[in-house]
Amino acid sequence: MREISAQEITEVVKDLCIDANYNLGEDILSAFERAIKTEESPTGRGVLKELIENARIAREEKAPICQDCGLAVVFLEIGQDVHITGGDLKEAINKGVRQGYEQGYLRKSSCNPITRKNTGDNTPAIIHLDIVPGDTVKITVAPKGGGSENMSRVTMLTPAEGMEGIKDFVVQRVKESGSNPCPPTIIGIGVGGTLERSAILAKKALLRSLGQRNPDPELAKIEEEILVRIKNLGIGPMGYGGTTTSLDVFLEMEPCHIASLPVAVNVQCHAARHKEAVI
Ligand code: SF4
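Residues numbered from 1 in each chain as written. Predicted model: local features only at pLDDT ≥ 70, side-chain atom pairs only at ≥ 80, totals over all residues. Heavy atoms only, no water.

### Description of the state of the cysteines
Applicable threshold: Two cysteine sulfur atoms form a disulfide, by the criterion used here, when they sit within 2.5 Å.
Using the criterion set out here, one finds zero disulfides in the structure. Between Cys17, a cysteine without a disulfide, and Cys69, which holds the nearest cysteine sulfur, the sulfur-to-sulfur distance is 10 Å.

Encoded structure:
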């Protein structure tokens, strides 16, 4: 049994919160560069250049990519041969979020849903735990902004609606979202499981790097097909019109109940933040 201290978890979460908010992924930046060459709208090309410049300033001046530094969504894959010592795991994560958002001068966005009173330190984190084989802990911090999360949806289709129903639901969601989720977006789709499982699958799908297709060739084809349909909507960067509406579509699928077809769409804005570390 390998021992990992709660203090180490806190340190790693703190650093990942700051890193994710300051440093946009290379895959996203490369996608912006490619899109400038293919985007048909001059305004759209201008927006993409601004997004690259914004990311450069954030990286060099150690400032957040966006004023909305998001709720701290934390995925943990804990090896079953790991023993966390010296404290409560969830409190260790929340402590890391508290310290990261404070030390990184990141906006605290967590509040009571009814009174709207801010919790003051961006906790509680949204924590997803998985127990996996091995003796390591993989931590992924994916800050999620409100604008794009608000455009996300879960639905229960009838089984008869099948794959065509899934594609139509996703494309319609992107169309109705318009400029609200700060396009170009990335679309995470979760199909199957139960209502809540489909939502987690959709969120997890967003952790893939751009261009990383589903290993199932049939699902990979569907991802590409949905991306083309989204491109044809004409929403464009920041909704000013154009072809660069989404940078990628990721679909994850699991078995579901014989009477159900749960589908979740998690819309991710261009500030697609996620950083990971393995202890
Ligand atoms: S949707 Fe994304 S880019 Fe737009 S304000 Fe929210 S976090 Fe920032």
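Next comes the rest of the description.
### Re empty space enclosed by the protein
As a reminder, the rule being used: Definitions used for this entry: grid spacing 1 Å over protein atoms alone; cavity, a set of points where a 1.4 Å probe fits but cannot get out; pocket, an open set with protein on both sides within 12 Å along at least 5 of 7 lines; lining residue, one with an atom within 4 Å of a point. Grid points are joined across faces, edges and corners, and a volume is the space filled by probe spheres set on the points. Under the DSSP-based scheme used, a helix requires at least four consecutive residues in state H or I and a strand at least two consecutive residues in state E, with every element numbered from the N terminus.
Summed over all chains, the structure comprises three cavities of 30 Å³ or more. Computed from the structure, the largest cavity encloses a volume of approximately 70 Å³. As for the largest cavity, its lining consists of Ala142, Pro143, Lys144, Lys203, Leu206, Leu207, Gln268, Ala272, Arg273 and His274. Per-element tally for the lining of the largest cavity: the top contributor is strand β5 (residues 137–144), with three residues.

### Details of the nonpolar core
Selection criterion: Grouping buried Ala, Val, Leu, Ile, Met, Phe, Trp, Tyr and Cys residues that are joined through side-chain atoms within 4.5 Å yields what is termed a nonpolar core. Only protein chains enter the area calculation, which uses a 1.4 Å probe; residues under 20% of their type maximum are buried, those over 50% are exposed, and those in between are partly exposed. Should any heavy atoms of two residues lie within 4.5 Å, those residues are counted as being in contact.
Counting 27 residues, the largest nonpolar core has Ile9, Val13, Leu76, Ile93, Val137 and Ile139 as the members making the most contacts within it. Elements represented by at least two residues in this core include exactly α1 (6–22), β2 (71–79), β3 (82–85), α4 (89–103) and β5. Here this core takes eight residues from α1, the largest share from any one element. If we ignore the near neighbours within four places in the chain, the residues touching Ile139 are Ile9, Val12, Val13, Leu16, Val74, Phe75, Leu76, Lys275, Glu276, Ala277 and Ile279. Of all hydrophobic cores here, the second largest spans 23 residues; its members include Leu24, Ala31, Leu51 and Ala205.

### Some thoughts on the sheet that holds strand β6 (residues 153–157)
As a reminder of what qualifies: Only when DSSP finds a minimum of two bridges between them are two strands counted as paired. Axes, fitted as lines to C-alpha atoms, cover a helix only where it is in contact. Angles between the N-to-C directions of the axes lie from 0 to 180 degrees.
Strands sit in the order β6-β9-β7-β8 across an open sheet of four strands; the sheet is mixed. Two strands in the sheet have a free side with no partner beyond their single neighbour: β6 and β8 (246–256). Across the sheet, the mean angle separating the axes of adjacent strands is 15° when strand polarity is ignored. Across five bridges, β6 lies against strand β9 (residues 261–268) in antiparallel orientation. Directly across from Val154, in β9, lies its bridge partner Ala264. Its contacts with the sheet put helix α8 (residues 217–231) on β7 (185–193) and β8, and the angle it makes with β8 is roughly 140°.

### Focus on a nonpolar patch on the surface
As a reminder, the rule being used: Each patch is assembled from residues with relative accessible area greater than 30% and no salt bridge, linking like charges that lie within 9 Å and nonpolar side chains (Val, Leu, Ile, Met, Phe, Trp, Tyr) that lie within 5 Å. Only the protein chains shown count as cover for residues, with accessible areas throughout obtained via the Shrake-Rupley method and a probe of 1.4 Å. Whenever Lys or Arg places a side-chain nitrogen within 4 Å of a carboxyl oxygen from Asp or Glu, that contact is recorded as a salt bridge.
Together, Val154, Met156 and Leu195 make up an exposed nonpolar region whose accessible area comes to about 250 Å². Note on placement: Val154 falls in strand β6.

### Looking at the sheet that holds β2
Strand order in this open sheet of four strands is β4-β2-β5-β10, and the pairing throughout is mixed. The open sheet has two free edges, formed respectively by β4 (126–132) and β10 (275–278), since each of these has just one partner strand. Within this sheet the neighbouring strands show an average axis-to-axis angle of 15°, counted without direction. Bridge count between β2 and β5: eight bridges; the pairing is antiparallel. Within β5, the position partnered with Val73 by the bridge is Ala142. Packing of α4 onto the sheet brings it into contact with β2, β4 and β5, and relative to β2 it is tilted by some 140°.

### Looking at unusual backbone geometry
Comment: phi is negative for the bulk of residues other than glycine, and the bulk of peptide bonds are trans. The linkage connecting Thr123 with the following residue, Pro124, adopts the cis geometry, with an omega of 5°. Summarising the element assignment, Pro124 is placed in the loop between α4 and β4. In this model, Pro183 is joined to Pro184 through a cis peptide bond whose omega is 10°. Looking at the element boundaries, Pro184 is found in the loop between α6 (162–177) and β7. Even without being a glycine, Lys62 presents a positive backbone phi close to 50°. If you check the backbone angles, Cys182 has positive phi at about 55° while not being a glycine. Mapping Cys182 onto the fold places it in the loop between α6 and β7. What makes Cys182 partly exposed here is its relative accessible area of 32%.

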